[in-house]
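Understanding the architecture of this molecule
This is what each chain is made of:
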Amino acid sequence: MFAFDRIPNPTLGMAGLEAQLSEEERAIQEVAHRFAEEVMRPIGRKLDHMTPDEVVAAGSPLWDYVRQMKEIGLLDLQAVGAMSSEQKARMLPLIFEELGWGDPGLAIFSLATAFPAFAAYMSGDPELIDRFGNGIGCWVGTQPDRGSDLGDIQATQVHPGTKQGRGNLFAKVVGDEVVITGQCSAWVSGAPVATSGFVFCQCDYGDGLWNDQGGLNYIAALVPFDKGVTKGKPLDKIGQRPLPQGEIYFNDVVIPKKYVIAGQDTAHGAFFGALTFANMEMALTFTGVARAAFEHALAYAHERKQGGTQLINHQSVRARLFDMWRKVESARAIAHRVVNYNYGPNGPHVLGSITSKTYVTQAAFEVANEALQMFGGNGLTKEYPLEKIFRDARAALIEDGENNLLSLVGGSWLSTWYKQQHGL
Ligand SMILES: Cc1cc2nc3c(=O)[nH]c(=O)nc-3n(C[C@H](O)[C@H](O)[C@H](O)COP(=O)(O)OP(=O)(O)OC[C@H]3O[C@@H](n4cnc5c(N)ncnc54)[C@H](O)[C@@H]3O)c2cc1C
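None of these values were measured; they are calculated from a predicted model.

Examining the site of the ligand
- Close contacts around the ligand come from 18 residues, with Thr142, Ser148, Ser189, Gln245 and Glu402 the closest.
- One of the side-chain N or O atoms of Ser148 is found 2.6 Å from an oxygen atom in the ligand.
- The separation between an oxygen atom of the ligand and a polar side-chain atom of Glu402 is 2.4 Å.
- Ranked by residues supplied to the shell around the ligand, first place goes to helix α14 (residues 403-421) with three residues.
- Grouping the constituent residues of the shell around the ligand by class yields six nonpolar, nine polar and three charged.
- Counting contributing residues, the shell around the ligand receives three or more from each of domain 2 (139-265) and domain 3 (270-421).

What follows is the structure, encoded as structure tokens:
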């Protein structure tokens, strides 16, 4: 058992119940935290008050953020790519939690806009790396008529006797080229400012859109936006306002077959991989959002006086704060567990990432809600930070797959696993 000479105060790290970080890990965490505090929070607050058109205009603070993020190199793809799986499993949680703590809209902007570059580096093809390895991109997945249906790529949640719709964005393979026509949803992160996309859409390989199982054929390809692309108006929304989003229209855009990252047999796997990675990062990022809300509530409870004393001196307030703390800690625990699983010998799998994404974003929303309540009326005003955190956390319940739909997909994977175990 544990023995103490005297009863100590708890020793907590920046991210709560930290066991032990190496010197390098602590240094990275501190750099990320400073960047989150000194760059992301002030810029995020400014952008939050601006119109979507102002956010993407030349001279917007968004570009200041982009420049400073590049300079600091926290998400440098080559540096991350050079890490071992074990290093990634330890470093990525530290970095993403701080970025989420700073501003989740900007954190997701950096993640989503790196998708084409990420795919190019993963391909190992110097031509693709040269063409797509830099600059601002986006991940084009959802379409006006294919939101949750995209998240349910294996069509496990289709109502009996029906099938998923055909959607609004199509590719056709013609000789050595691919022609892309149609539009994506208004939700594509970074779209208004992106110069390329990692596009995932339905594809006719010469024998129609539908495959033998009644599902759709897909393609995943890198697409430059310099010809045949127009864009909709940047979307106006309640949360993560620093993250610009919007529609992209593809007017018979022609790309060489070389830009195809995954074709008829591998495109489903490419989507599976993208969702596995993105849901995992969402969980890490929104752990930071939950922590930010908790920290604000803890500080406010020590300042605000009601009932003759600071709020913290009321027993019920201490219980409410402890409940928030517990949620932050359990959110972080599941987020880290899934990163370890995904980079470990049994992973990666979307079941893990869905588990942490749905759990953490729900926890972040609840903690933000409870923290706002702790601020009383002040929590509702734009002079205090809680209302923005609340709005940002709310968006995460839908972002990167709506949580109820993801839970259905997760439940189906559990059943698949059970049936396999029992030979059913
Ligand atoms: C902040 C943010 C960032 C985003 N970034 C991107 C991006 O970068 N790229 C991109 O492509 N997309 C992006 N999206 C889109 C996002 O993935 C979709 O919004 C999400 O998948 C839900 O789709 P939908 O909005 O069309 O809702 P719908 O699919 O219309 O869902 C509406 C409701 O119906 C329910 N429902 C749907 N299907 C079923 C079913 N089979 N069974 C039971 N209930 C069901 C859902 O649970 C939901 O409550 C982003 C969204 C947000 C909010």
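Focus: a nonpolar patch on the surface
- A contiguous nonpolar patch, built from Trp417, Tyr418 and Leu424 and spanning about 390 Å² of accessible area, is present on the exposed surface.
- Counting through the fold element by element, Tyr418 comes out in helix α14.

A look at helix α3 (residues 61-72)
- Between its terminal C-alpha atoms α3 stretches 17 Å, which fits the 16 Å expected from twelve residues at 1.5 Å a residue.
- Within α3, burial applies to Pro61, Leu62, Tyr65 and Met69. Each buried residue of α3 lies within a common arc of 110° when the element is viewed along its axis, so the set occupies one face. Residues of α3 that are exposed and angled more than 90 degrees away from the buried face: Lys70 and Glu71.
- Each element contacted by the buried residues of α3 is listed here: α1 (23-48), α2 (52-56), α5 (85-102) and α6 (104-113).

Quick look at the domain arrangement of the protein
- In terms of domain boundaries, the protein breaks down into domain 1 (23-113), domain 2 (139-265) and domain 3 (270-421).
- Relative to domain 3, the C-alpha centre of domain 2 lies at a distance of 29 Å.
- Taken together, the contact pairs 17 residues of domain 2 with 17 residues of domain 3.
- Among the residues of domain 2 in contact with domain 3, Gln157, Ile238 and Gln240 are the three that bury the most area, contributing 38% of the side total.
- Where domain 2 packs against domain 3, one counts zero salt bridges.
- One can count five residue pairs in polar contact (both at pLDDT 80 or more) joining domain 2 with domain 3.
- The biggest single contributor to the side of domain 2 that touches domain 3 is helix α9 (residues 148-151), with three residues.
- Of the residues that constitute the side of domain 2 that touches domain 3, the class distribution is eight nonpolar, seven polar and two charged.

Describing the state of the cysteines
- Tallied over the entire structure, the rule returns zero disulfides.
- The cysteine Cys201 is free of any disulfide, with Cys203 supplying the nearest cysteine sulfur at 6.6 Å.

Concerning the UniProt feature "domain: Acyl-CoA dehydrogenase/oxidase C-terminal" (unreviewed entry) in the protein
- Within this numbering scheme, the UniProt entry marks residues 275-406 as carrying the feature "domain: Acyl-CoA dehydrogenase/oxidase C-terminal" (unreviewed entry).
- Annotated as 73% helix and 3% strand, the span residues 275-406 places its first and last C-alpha atoms 10 Å apart.

Considering the pairing of strand β7 (residues 248-256)
- The pairing of strand β3 (residues 177-183) with β7 spans six bridges and is classified as antiparallel. Considered in β7, the bridge of Val178 is made with Ile255.
- Two strands pair when backbone bridges link them, and strand β6 (residues 229-231) and β7 are joined in this way by three bridges, in the antiparallel orientation. Of the residues in β7, the one forming a bridge with Lys231 is Ile248.

Rules behind the numbers
Residues numbered from 1 in each chain as written. Predicted model: local features only at pLDDT ≥ 70, side-chain atom pairs only at ≥ 80, totals over all residues. Heavy atoms only, no water. Near = heavy atom within 4 Å. Polar contact = N/O pair within 3.5 Å; in protein donor to acceptor, adjacent residues only side chain to side chain. Helix = DSSP H or I, 4+ residues; strand = E, 2+ residues; numbered from the N terminus. Nonpolar A, V, L, I, M, F, W, Y, C, P; charged D, E, K, R; others polar. Domains from an automatic or database assignment. Patch = residues over 30% accessible without salt bridge, like charges linked within 9 Å, V, L, I, M, F, W, Y side chains within 5 Å. Areas by Shrake-Rupley, 256 points an atom, 1.4 Å probe, with all protein chains shown as cover. Salt bridge = Lys/Arg side-chain N within 4 Å of Asp/Glu carboxyl O. Expected span 1.5 Å × (residues − 1). Buried < 20%, exposed > 50% of the residue type's maximum accessible area, 1.4 Å probe, protein only. Arc of directions from axis to C-beta. Contact = heavy atoms within 4.5 Å. Buried area = accessible area lost by both parts, 1.4 Å probe. Disulfide = S-S within 2.5 Å. UniProt positions renumbered as here; feature names shortened; annotations may be inferred. Pairing = 2+ DSSP bridges.

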